[in-house]
Amino acid sequence: METVVLIVGAGPAGLATSVCLNQHSIPNVILEKEDVYASLWKKRAYDRLKLHLAKRFCQLPFMPHGPDVPTFMPKDHFIDYLDAYVTRFNINPRYNRTVKFSTFDVSNNKWRVEAENTVTGETEVYWSEFLVVATGENGDGYIPEVKGIETFPGEIVHSSQYKYGRDFKGKNVLVVGGGNSGMEISFDLCNFEANTAVLVRTPRHVLTKEEVYLGMSLLKYVPVKVVDTLVMLTTMARLFVYGDVSKYGLLRPKQGPFATKLYTGKSPVIDVGTVQKIRDGKIQVINGGIGCIKGKTLTFENGLKQDFDAIVFATGYKSSVCNWLKNYDYVMKEDGFPKKPMPKHWKGEKNLYCAGFSRKGIAGAAQDAMAVADDIKSILATTKC
Ligand SMILES: Cc1cc2nc3c(=O)[nH]c(=O)nc-3n(C[C@H](O)[C@H](O)[C@H](O)COP(=O)(O)OP(=O)(O)OC[C@H]3O[C@@H](n4cnc5c(N)ncnc54)[C@H](O)[C@@H]3O)c2cc1C
Ligand SMILES: *[C@@H]1O[C@H](CO)[C@@H](O)[C@H](O)[C@H]1NC(C)=O
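Predicted, not measured: the structure shown is a model, and the values here were computed from it. What you see as residue numbers is a count from 1 along each chain, following the sequence as written. Labels follow written order: the first chain is A, the first ligand is 1, and so on. Local features in this predicted model are restricted to residues whose pLDDT is 70 or higher, and side-chain atom pairs enter the listing and the counts only when it is 80 or higher, whereas totals over whole chains, interfaces and linings include all residues. The side-chain figures draw on all heavy atoms in the structure; neither hydrogens nor water molecules are used.

This next bit is on the site of ligand 2. Close contacts around ligand 2 come from Asp35, Asn96 and Val119, and that covers them all. A distance of 2.6 Å separates an oxygen atom of ligand 2 from a polar side-chain atom of Asn96. When ligand 2 sits alone it has 360 Å² of accessible area, and the protein chains cover 35% of it. Any residue with a heavy atom positioned within 4 Å of a molecule or strand is treated as near that molecule or strand. Any pair of nitrogen or oxygen atoms within 3.5 Å is treated as a polar contact; in protein, a donor-acceptor pairing is required on top of that, and neighbouring residues in sequence qualify only through side-chain atoms on both sides. Per-residue and other accessible areas follow the Shrake-Rupley method at a 1.4 Å probe size, with only the shown protein chains counted as cover for residues.

Listed below in structure tokens is the structure:
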């Protein structure tokens, strides 16, 4: 099969790219490995997930959220929005197609993409002038190597497989990772009466979602330093009222939260109630890393030894692009993230693009989609005449 633009991945970034291309009447096809669009949201997100970012940072091109939508949407609300988006713009991805191999064919000057049809088991070959990588930053769940992990008798899950804490009631559970997923899963486990401990390796800013909203709104108008100062003032006021959390093991970085995000891509942690539970002694914080595992017993780098029944790894993801895209270096580095700095990170060589890799969530995916579609439009316009 041949088309003008081939898009790999039907998450928010791929869907938005298709919609933008359709607006320019540019033929395109989306290949998606799962049997649904937005599989991350429909299949891989835990039950209690609420969008951390305010609604205006979570919308796709040409369809803003209405005024009656709550500022912080629950997951199901956002899925309804995506359903409406796909229906309204009549997007029809080709499902059950896992892209296994892509390469730029020099003799044809075109992209050659091989996808496995997971229903028939056949390999299908696609050709296109343009290729858009939209497989997401959260490709494969990443679990770090830990000495002795194979001797652990209990359950080991990655955060992407975690749904709810019901099955862990009364058990000793360790959550590895103090980012958004780790902190929220700890909260969920504790609500389901698991004896929860969270392993926090690096200092992180913990803010309320309102503080993040304030910061993100201000960033448009004032420099990041000023934003950080203002946000840190509200944080300090909160800490003054409720007490410092560093004594519980939650250490804060020296740099402000928005500067940290800007320069390192590390988001502040948005507190969903975990901090209160830590203060109340219901969630234990362990600093550092795991030294080794022997049976049920974990030995931590700080010398602590403790027994656990289950471990949840909220240790993030690895972009999977380099596994299937042979010429990834036209647009990406070995870690599967863009090699060019923003704001032109989405554009590679040989008509290769990426959308959804700016570490800016749905808003970033939407911006990339529009930029990519506009760029393809301008290239097609110049080559035609
Ligand atoms: C738990 C969690 C909570 C989050 N909360 C927020 C939030 O509140 N706000 C926010 O803005 N962002 C949030 N994010 C970030 C979120 O991932 C992105 O905003 C959004 O889903 C990115 O869309 P995407 O299309 O780039 O990637 P994805 O949503 O990951 O979509 C990629 C698609 O590509 C498909 N695919 C992958 N590999 C292949 C292949 N080889 N062949 C074919 N198809 C393939 C996948 O099945 C998937 O459907 C969250 C992420 C996680 C993990
Ligand atoms: C994709 O696969 C699923 C399950 O294997 C099946 O139910 C669905 O009908 C398939 N969809 C398409 C479009 O082939």
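Take the site of ligand 1 next. Surveying the vicinity of ligand 1 reveals 31 residues, the closest of which are Ala13, Glu32, Ser39, Asn138 and Ile362. At 2.8 Å, a backbone N or O of Ala13 approaches an oxygen atom of ligand 1. In this structure, Lys33 approaches ligand 1 through a main-chain N or O atom, which is 3.1 Å from a nitrogen atom. Here ligand 1 loses 92% of its free accessible area of 980 Å² to cover by the protein chains. Helix and strand definitions here come from DSSP, where helices need a minimum of 4 consecutive H or I residues and strands a minimum of 2 consecutive E residues; each element is numbered from the N-terminal end. For the shell around ligand 1, the secondary structure elements donating two or more residues are α1 (12-23), α2 (39-43), β3 (97-105) and α10 (361-384). Looking at the shell around ligand 1 residue by residue, the class counts come to 17 nonpolar, 10 polar and 4 charged. Residues are grouped as follows: Ala, Val, Leu, Ile, Met, Phe, Trp, Tyr, Cys and Pro are nonpolar; Asp, Glu, Lys and Arg are charged; all remaining types, including Gly, are polar.

Among the 7 residues of strand β1 (residues 2-8), 6 are classified as buried, and the element is accordingly described as predominantly covered. Only strands that DSSP links by at least two bridges are regarded as paired with each other. Judged from the 6 bridges that link them, β1 and strand β5 (residues 123-133) form a sheet pairing that is parallel. Looking across to β5, one finds that Val8 is bridged to Val133. Of the strand pairs in this sheet, β1 and strand β2 (residues 28-31) are connected by 4 bridges, and their pairing is parallel. For Leu6, the partnering residue across the bridge sits in β2 and is Val29. Chirality of the crossover, the property in question, places the unit of β1, α1 and β2 among those that are right-handed. A simple rule labels every residue: compare its accessible area, found with a 1.4 Å probe on the protein chains alone, to the largest value its type can have, and call it buried under 20%, exposed over 50%, or partly exposed in between. Consider the strands pointing away from the viewer: the crossover is right-handed when the path from the first strand over the helix to the second runs clockwise.

Glancing now at the sheet that holds strand β7 (residues 155-158). Overall, parallel pairing links the 5 strands, which are arranged β7-β16-β8-β9-β12 in an open sheet. Either end of the sheet is taken by a strand with one partner, and the two such strands are β7 and β12 (283-287). Direction aside, the axes of adjacent strands within the sheet are offset by 20° on average. Sheet analysis places strand β9 (residues 195-200) next to β12, joined by 5 bridges and oriented parallel. Residue pairing for β12: Val198 is matched across the bridge by Val285. Contacts are assigned to residue pairs with any non-hydrogen atoms lying within 4.5 Å of each other. Only the stretch in contact is used when fitting a helix axis, every axis being a line fitted to C-alpha atoms; angles between N-to-C directions are given from 0 to 180 degrees. Relative to strand β8 (residues 172-176), helix α4 (residues 180-191) is tilted by about 165°, and along the sheet it contacts β8, β9, β12 and β16 (310-313).

To continue, consider the sheet that holds strand β13 (residues 290-294). Pairing is antiparallel across the open sheet formed by 3 strands, whose spatial order is β13-β14-β15. The open sheet is flanked by β13 and β15 (305-307), the only strands paired with a single partner. Each adjacent strand pair in this sheet contributes to an overall mean axis angle of 25°, direction not counted. Here 4 bridges tie β13 to strand β14 (residues 297-300), and the two strands are oriented antiparallel to one another. Paired with Ile290 across the bridge in β14 is Phe300.

Patch rule: a residue counts if its relative accessible area is over 30% and it has no salt bridge; like charges are joined within 9 Å, and nonpolar side chains (Val, Leu, Ile, Met, Phe, Trp, Tyr) within 5 Å. By salt bridge we mean one thing: a side-chain nitrogen of Lys or Arg within 4 Å of a carboxyl oxygen of Asp or Glu. A surface patch of nonpolar side chains, amounting to about 250 Å² of accessible area, comprises Val226, Leu230 and Leu233. Relative to the helices and strands, Val226 is located in helix α6 (residues 224-242). Exposure remark for Val226: the relative accessible area of 37% places this residue in the partly exposed category.

For the rest of this paragraph, the subject is helix α3 (residues 75-88). To estimate how far a helix should extend, the number of its residues minus one is multiplied by 1.5 Å. The terminal C-alpha atoms of α3, which comprises 14 residues, lie 20 Å apart, in line with the 20 Å expected from a rise of 1.5 Å per residue. Those residues of α3 not exposed but buried are Lys75, Phe78, Ile79, Tyr81, Leu82, Tyr85 and Val86. Seen from one end, α3 has its buried residues packed into an arc of 155°, which puts them on one side. The exposed residues of α3 that point more than 90 degrees off its buried face are Asp76, Thr87 and Arg88. Where α3 terminates, the next one or two residues include Asn90, which has phi positive at roughly 50°. As used here, the arc belongs to the directions running from the helix axis to the C-beta atoms.

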